[in-house]
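Survey of secondary and tertiary structure
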Amino acid sequence: MIIAPLLAAAAVAAAPLPSPSPARLKASVSALVGFGTRHTLSTTTDPKRGIGAARNWAAQQFEAIGRDCGGCIKVERISRRFTGPRAPDGVIVEDVLGIQPGRDPNRVVIIGGHIDSRVTDVMDATSDAPGANDDASGVALVLETARLLSKRKFDATIVYVAFSAEEQGLWGAELLADTAATRGWQVSAMLNNDIVGNSIGQSGVRDANRVRVFSEGIRASEDLPQQQRRRGEGGEDDGPSRALAKTIDGIADAIPGGFDVVIDRRPDRFGRGGDHEPFLKRGYPAVRFSVGAENWDAQHQDLRTEKGIVYGDTIDRMDFAYLAKVTAINAATLARLAAAPAAPASVGLVGDLSRDTQVSWAPVPGAVGYRIRWRANDTAAWAKSKDVTGTNATMPQLPVDDTFFAVSSLGADGSESLPTFGGRAPRR
């Protein structure tokens, strides 16, 4: 049974999200910059300076948002001691979480940015390190997204997080990824926002109308036989994280304003990393948002001027209208994925020596229907789709040799999960 008209009408009826506020985003970044340094090894006892004061402030912001929506967001602070080359004496790493419970407490979507900052010497825990763009911008985006979504009820639980110790070794992200696994969370998506608030890059390059979204293709969590199978099925460009990036691109296209998502087909910038990586290692779909053009004079720099060049990650270099647009894309993505059912766990294809392809999948709790997507296998974007209510379908005159397939779950309001790429069905 085809159900597309009903779902389309429901999707249109969903109320649009309010626009992010550049003024609120600026206020959040200003507050974080005001703590002087947020280095992970800085003071945790000074009420006005250091990582401790910054984390307390973030917790207070989540608490205020929770009060405004009648207790819909609960604050949790998780911590663990880490030791490594950038903390040889060890340090207590603490993440500040705002948890918005959904109807399903075990299925979660996560959005985060790191609250710590640094200067040129990664061990310098006392010099001023404003960290306006890296990464007060990400934390401000997370808080604004919480404000935009807090008064809505979703199927999935949303976890808003301010990570610590990104600069020391992604330890805060490691802590939360471990916590997710220990608690048995089913993570539908993780959005990492790191350096998302400037539109003027190195040497004055202006890039104000796009944001990069980095994603892996072959999954870091797959062993060699799984990687070989994905290669044999042609799914290198359709792992869960790449599917998430493509979904974000489609969501951005529907937001007025013409702000483009660039699908960057790497897990992160060349030779660099971020807080989404510990989630990738555990098999969770995760991506990184970052500006279209970075300014490296404003990253990990002592505040100084040399030979006429001004160095330092200061708030005057930021563009809050740009940051608001990136925030809008994040909020719309979270709203869709938190409202939708989970994605199908797997999709099986049978079509050897046939012009037709059989597509099948297991039922998903809460799904009222499913969307079968397909495209020619010399293209990257899904071209056509059909909505059905069952868990199998015959796709006539679409040979599996020449066609890629995926299936997503649909909620009663038309919300759509990530698509799950179709591979070989198990042999009977």
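Bear in mind that the values here come from a model prediction, so they are computed numbers and not experimental data. (Residues numbered from 1 in each chain as written. Predicted model: local features only at pLDDT ≥ 70, side-chain atom pairs only at ≥ 80, totals over all residues. Heavy atoms only, no water.)

1. Concerning the pairing of strand β2 (residues 87-100)
Which entries qualify depends on this criterion: The classification of residues rests on relative accessible area computed with a 1.4 Å probe and restricted to protein chains. Under 20% of the type maximum is buried, over 50% is exposed, and intermediate values are partly exposed. Strands are runs of DSSP state E lasting at least 2 residues, helices are runs of H or I lasting at least 4, and numbering of each runs from the N terminus. Any two strands between which DSSP finds at least two bridges are classified as paired.
Across the 14 residues that make up β2, a large majority, eleven, are buried. Strand direction decides the pairing type here: strand β1 (residues 74-84) and β2, joined by ten bridges, are antiparallel. Within β2, the residue paired with R77 across the bridge is V96. Connecting β1 to the antiparallel partner β2 that follows it, the hairpin turn spans two residues.

2. Topic: the UniProt feature "domain: Peptidase M28" (unreviewed entry) in the chain
Going by this rule: UniProt positions are given in the numbering used here, feature names are shortened, and annotations may be inferred rather than shown by experiment.
Under the feature "domain: Peptidase M28" (unreviewed entry), the UniProt entry names residues 96-296. Between the end C-alpha atoms of residues 96-296 there is a gap of 28 Å, over a span that is 32% helix and 24% strand.

3. Some points on the packing of helix α2 (residues 22-33) against helix α4 (residues 132-149)
Filter applied, for reference: Note on geometry: axes are lines fitted to C-alpha atoms, helical ones only across the stretch in contact, with angles between N-to-C directions running from 0 to 180 degrees. Angles below 35 degrees are treated as roughly parallel, those above 145 as roughly antiparallel, those between 65 and 115 as roughly perpendicular, and all remaining angles as oblique. Crossing handedness follows the turn of the near helix against the far one: under a right angle anticlockwise gives a left-handed crossing, and clockwise gives a right-handed one. Note on definitions: a residue-residue contact is assigned when non-hydrogen atoms from the two residues lie within 4.5 Å.
α4 packs onto α2 with a crossing angle of 135 degrees between their chain directions and a minimal axis gap of 9 Å. The angle between α2 and α4 places the two elements in the oblique class. For the pair α2 and α4, the sense of crossing is right-handed. Side by side, α2 and α4 meet where R24, L25, S28, V29, L32 and V33 of the first sit next to A132, A136, S137, V139, A140, L141, L143, E144, R147 and L148 of the second.

4. Focus on the domain arrangement of the chain
As a reminder, the rule being used: Start and end positions for the domains come from either an automated domain assignment or a database one. Throughout, buried area stands for the accessible area (probe radius 1.4 Å) lost by two parts on being put together, summed over both. The rule for a salt bridge is simple: a side-chain nitrogen of Lys or Arg has to be within 4 Å of a carboxyl oxygen of Asp or Glu. Counting of polar contacts relies on pairs of N or O atoms within 3.5 Å, with two restrictions inside protein: one atom must be capable of donating a hydrogen and the other of accepting it, and residues adjacent in sequence are counted only when both atoms are side-chain atoms.
Here the domain parsing of the chain yields domain 1 (22-339) and domain 2 (347-424). Between domain 1 and domain 2, the C-alpha centre-to-centre distance is 32 Å. The partner domain 2 presents 13 residues to the 17 residues of domain 1 that form the contact. In total, domain 1 and domain 2 occlude about 1200 Å² of area from one another, counting both sides; carbon and sulfur atoms represent 52% of this. Where domain 1 packs against domain 2, one counts three salt bridges. In this structure, the salt-bridge partner of E233 is R424, at a minimum N-O distance of 3.5 Å. Our enumeration of links across domain 1 and domain 2 arrives at five residue pairs in polar contact (both at pLDDT 80 or more). Among the elements of the structure, α7 (224-233), α8 (240-253) and α10 (320-339) are those that each provide at least two residues to the side of domain 1 that touches domain 2. Here the element with the most residues in the side of domain 1 that touches domain 2 is α8; it accounts for five residues.

5. A few points about the side chain of S117
Relative to the assigned elements, S117 resides in the loop between β3 (104-114) and α4. A distance of 3.0 Å separates a polar side-chain atom of S117 from the backbone nitrogen of R38. Reaching out from S117, the side chain makes a polar contact with the backbone oxygen of A129 at a distance of 2.8 Å. If near-sequence neighbours (up to four positions away) are discounted, S117 is found in contact with T37, R38, H39, A129, G131 and D134.

6. A word on the packing of α4 against α10
The packing of two helices is summarised by the inter-axis angle and the distance between the axes. What counts is decided by this rule: Nonpolar residues are Ala, Val, Leu, Ile, Met, Phe, Trp, Tyr, Cys and Pro. Charged residues are Asp, Glu, Lys and Arg, and all others, Gly as well, are polar.
Interhelical geometry of α4 versus α10 gives an angle of 50 degrees and a closest axis separation of 9 Å. Taken together, the axis directions place α4 and α10 in an arrangement best described as oblique. Two packed elements cross with a definite hand, and for α4 against α10 that hand is right-handed. On α10, the residues touching S137, L141, E144, T145, L148 and L149 of α4 are L323, V326, T327, N330, A331, L334 and A335. Here the residues of the contact of α4 with α10 are counted per class, giving eight nonpolar, four polar and one charged.

7. Remarks on the sheet that holds strand β14 (residues 384-388)
In spatial order, the strands read β14-β13-β16-β17-β11-β12-β15; together these seven strands make up an open sheet with mixed pairing. Looking at which strands have only one partner, the edges of the open sheet turn out to be β14 and β15 (392-395). Strand-to-strand twist of the sheet, defined as the mean angle between neighbouring strand axes without regard to direction, takes the value 30 degrees.

8. Let's talk about helix α6 (residues 171-183)
Applied cut-off: How far a helix is expected to stretch is found by multiplying one less than its residue total by 1.5 Å.
With 13 residues, α6 extends 18 Å between its outermost C-alpha atoms, agreeing within 8% with the 18 Å of an ideal straight helix rising 1.5 Å per residue. For α6, the complete set of buried residues consists of W171, G172, A173, L175, L176, A177, T179 and A180. One or two positions beyond α6, positive phi appears at G184, with a value near 75 degrees.

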